[in-house]
Amino acid sequence: MQRRVFVVGVGMTKFTKPSEKSVDYPDMAKEAGQKALADAGIPYSAVKQACVGYVYGDSTCGQRAIYHGLGLTGIPIINVNNNCATGSTALFMARQLVEGGLADCVLALGFERMAKGSLASGFSDRTNPMDKHLEIMINKYGLASAPVAPQMFGNAGKEHMEKYGTNPEYFAKIAWKNHNHSTNNPYSQFQQEYTLDEVLQSRKIFDFLTVLQCCPTSNGAAAAILTNEEFVKRHNLQPKAVEILAQVMATDYPSTFEENSCMKMVGYDMTKKAAEKCFEKAGLKPTDVDVIELHDCFSVNEFITYEALGLCPEGRACDLIDRGDNTYGGKWVINPSGGLISKGHPLGATGLAQCAELCWQLRGAAGKRQVPGAKVGLQHNLGLGGAVVVTLYGMGFPGAGSTGHIAAVPLSAAVDGFKSHLVFKEIEKKLRETAPTCIRVFQ
């Protein structure tokens, strides 16, 4: 029997530029994990399993991240590496554990401490997992001296331009929009607004892709607590429980390698088929969605993903942008967080940061970024090589609004040794929620 699965707690660090003085991954993971536990109001001892995602690091970094930051309870800790889809892969595994009845409470945690500069392969003495993907691009457009990832997505954009007559200025419009969104996100690596001309005229990385259309390398961590329905009700978590309505992971299909297409080489068909299955499972359609966090590693990928997710017909993403249907006031708000382009992209954390943003949006707790009346959220996280995870979210108990009372917090959920920490956190949160009312009363 498949069980309903809920996200009851989320947390993340601010994403930052990598440097020698960067906080190390155990500290980032500790912060994200403790925030997720505090959000749920439960102790780490309630967690039965943990799925931990990272790309750059030795084996068992997940254990090191959890042991001395969250606890030593002997639970199974599973380390996950699935390229840029690592965070959502950890989420996917955690969801399966809860849905299958193997655990009632699972932690999904993702982090990354990255090196400066463009992504590079860690091994030169063995087959590169991307070699067959790269052959597609090289055979069609050749190999330039620029970093490989911008070439792969840039050439996907070039293919779209050749096929549909797309003006590359539309790619820049997406980056412009995401940078503007990020100004309201305190977790974002960049929080600077740019003009469209500044995006277009910024330093060229490859062909039409400029630096402001590319995600940066980043450090950061994010976490989510997943539980079953019985756990939610036992701990009175209904007001904050966000349900995973449907979730699908897909990997490459034959079309990736057989159709001489750079768009398909970077995951177009994976995304399209995963999205179709996800909407079918949930009994929803793209027009039912209000807010979307999708994988804009490069502006081009957000653009082609509009079409792959079914937000518009193939070849018509320009029309969607012209209508303003990707930002506030339009049909969807896409990447209200600022997306990977502006928020940053610590590979293991990205999928869980997307989950956190959508949970905040659906709870009505996203502050200045809040999408009015958001009821359904869509997440898309892609990794070349390849994997994609598409997830649909909605509030699990829509009638269970805030009662105005401060929730009881178990004192066993100690943080840094102070058992009162989470109680004061809950009081602070309630004060923030009710501050405008209090002010009016005193006036």
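1. Overview of the pairing of strand β12 (residues 387–395)
Then step 1. Most of β12 sits inside the fold, with nine of its nine residues counted as buried.
Then step 2. Note: strand β8 (residues 242–250) against β12, eight bridges, orientation antiparallel. Looking across to β12, one finds that Val248 is bridged to Val390.
Then step 3. Pairing analysis gives eight bridges linking strand β11 (residues 376–383) to β12, with the strands arranged antiparallel.

2. Overview of empty space enclosed by the protein
Then step 1. Scanning the entire structure with this criterion turns up one cavity of 30 Å³ or more.
Then step 2. There is about 40 Å³ of room inside the largest cavity.
Then step 3. Along the walls of the largest cavity sit Val266, Gly267, Tyr268, Thr271, Asn301, Ile304, Thr305, Ala308, His380 and Leu382, which together make up its complete lining.
Then step 4. Of all the secondary-structure elements, those providing two or more residues to the lining of the largest cavity are α11 (268–282), α12 (299–308) and β11.
Then step 5. Here the lining of the largest cavity takes four residues from α12, the largest share from any one element.
Then step 6. For the lining of the largest cavity, the class distribution of residues is five nonpolar, five polar and no charged.

3. Here we look at the confidence of the model for the chain
Then step 1. Per-residue confidence for the chain gives a mean pLDDT of 91, with 89% of residues at or over 70.
Then step 2. The model gives residues 403–419 a pLDDT under 50, and that stretch makes 24 contacts with residues more than four places away or in other chains.
Then step 3. Taken as a whole, residues 436–443 scores under 50 in pLDDT and shows zero contacts with residues more than four places along the chain or in a different chain.

4. Side note on the packing of aromatic side chains
Then step 1. Per the stated rule, a full pass over the model turns up seven aromatic pairs.
Then step 2. Considering the side-chain rings of Phe171 and Phe303, the 5.0 Å spacing of their centres and the 90° angle between planes classify their relative orientation as edge-to-face. Here the residue Phe171 occupies a position in helix α6 (residues 169–182), and Phe303 occupies one in helix α12, the gap between them amounting to 132 residues.
Then step 3. Linked through ring pairs, Tyr25, Tyr54 and Phe111 together constitute an aromatic cluster.
Then step 4. Stacked on the ring of Phe92, the Lys or Arg Arg95 has its end atom at 5.0 Å from the ring centre.
Then step 5. Stacked on the ring of Tyr253, the Lys or Arg Lys273 has its end atom at 4.1 Å from the ring centre.

5. Things to note about a nonpolar patch on the surface
Then step 1. A cluster of nonpolar side chains, namely Ile138, Leu143 and Val148, defines an oily patch on the protein surface of about 240 Å² accessible area.
Then step 2. Assessed through its relative accessible area of 36%, Val148 is described here as partly exposed.

6. Brief notes about helix α3 (residues 86–99)
Then step 1. With 14 residues, α3 should cover 20 Å at 1.5 Å per step; its first-to-last C-alpha distance of 20 Å lies within 8% of that length.
Then step 2. Looking only at α3, the buried set comprises Thr86, Gly87, Ser88, Thr89, Ala90, Leu91, Phe92, Ala94, Arg95, Leu97, Val98 and Glu99.

7. Looking at the sheet that holds β11
Then step 1. Strand order in the open sheet formed by ten strands is β3-β2-β4-β7-β1-β8-β12-β11-β9-β10, with mixed pairing between adjacent strands. The two strands at the open ends of the sheet, each matched to only one other strand, are β3 (77–80) and β10 (333–334).
Then step 2. Across seven bridges, strand β1 (residues 5–12) lies against strand β7 (residues 220–228) in antiparallel orientation. Note that in β7 the partner of Gly9 across the bridge is Ile225.
Then step 3. In this fold helix α15 (residues 347–363) packs onto β1, β2 (49–53), β4 (105–112), β7, β8, β9 (291–293), β11 and β12, with an angle of close to 175° to the strand it touches most, β11.

8. A few points about the environment of Gly267
Then step 1. Structurally, Gly267 is set in the loop between α10 (262–265) and α11.
Then step 2. In the structure, Gly267 is positioned 38 residues away from Thr305 in sequence and 9.2 Å away in space, judged by C-alpha atoms.

9. Topic: the pairing of β4
Then step 1. By the criterion of burial, β4 is predominantly enclosed, with eight of the eight residues buried.
Then step 2. Bridge count for β2 against β4 is five bridges, and the pairing is parallel. From the neighbouring strand, Gln49 faces β4, where its bridge partner is Val106.

10. Regarding unusual backbone geometry
Then step 1. Following Gly385, the chain continues into Gly386 via a peptide bond in cis, with omega recorded as 5°.
Then step 2. Inspection of the secondary structure assignment puts Gly386 in the loop between β11 and β12.
Then step 3. The backbone phi angle of Thr60 is positive, close to 65°, even though this residue is not glycine.
Then step 4. Among the structural elements, Thr60 can be located in the loop between β2 and α2 (61–67).

11. Some points on the nonpolar core
Then step 1. One finds Phe303 and Tyr306 to be the most contacted residues of the largest nonpolar core, which totals 54 residues.
Then step 2. At six residues, α11 tops the list of elements feeding residues into this core.
Then step 3. Non-local contacts of Tyr306, meaning those with residues more than four positions away in its chain, are made with Ile174, Lys177, Leu294, Leu311, Cys312, Ala317, Leu320, Ile321, Asn326 and Ile334.
Then step 4. Membership of the second largest hydrophobic core comes to 36 residues, among which are Leu226, Ala349, Leu362 and Tyr393.

Scoring rules and cut-offs
- Residues numbered from 1 in each chain as written.
- Predicted model: local features only at pLDDT ≥ 70, side-chain atom pairs only at ≥ 80, totals over all residues.
- Heavy atoms only, no water.
- Buried < 20%, exposed > 50% of the residue type's maximum accessible area, 1.4 Å probe, protein only.
- Helix = DSSP H or I, 4+ residues; strand = E, 2+ residues; numbered from the N terminus.
- Pairing = 2+ DSSP bridges.
- 1 Å grid on protein atoms, 1.4 Å probe; cavity = no way out; pocket = protein on both sides within 12 Å on 5 of 7 lines; lining within 4 Å.
- Points joined across faces, edges and corners; volume = space filled by probe spheres on them.
- Nonpolar A, V, L, I, M, F, W, Y, C, P; charged D, E, K, R; others polar.
- pLDDT = per-residue confidence, 0-100.
- Contact = heavy atoms within 4.5 Å.
- Phe/Tyr/Trp six-rings, centres within 6.5 Å; stacked < 30°, edge-to-face > 60°.
- Lys NZ or Arg CZ within 6 Å of the ring centre and 35° of its normal.
- Patch = residues over 30% accessible without salt bridge, like charges linked within 9 Å, V, L, I, M, F, W, Y side chains within 5 Å.
- Areas by Shrake-Rupley, 256 points an atom, 1.4 Å probe, with all protein chains shown as cover.
- Salt bridge = Lys/Arg side-chain N within 4 Å of Asp/Glu carboxyl O.
- Expected span 1.5 Å × (residues − 1).
- Axes fitted to C-alpha atoms, helices over the stretch in contact; angles between N-to-C directions.
- Core = buried A, V, L, I, M, F, W, Y, C linked by side-chain atoms within 4.5 Å.

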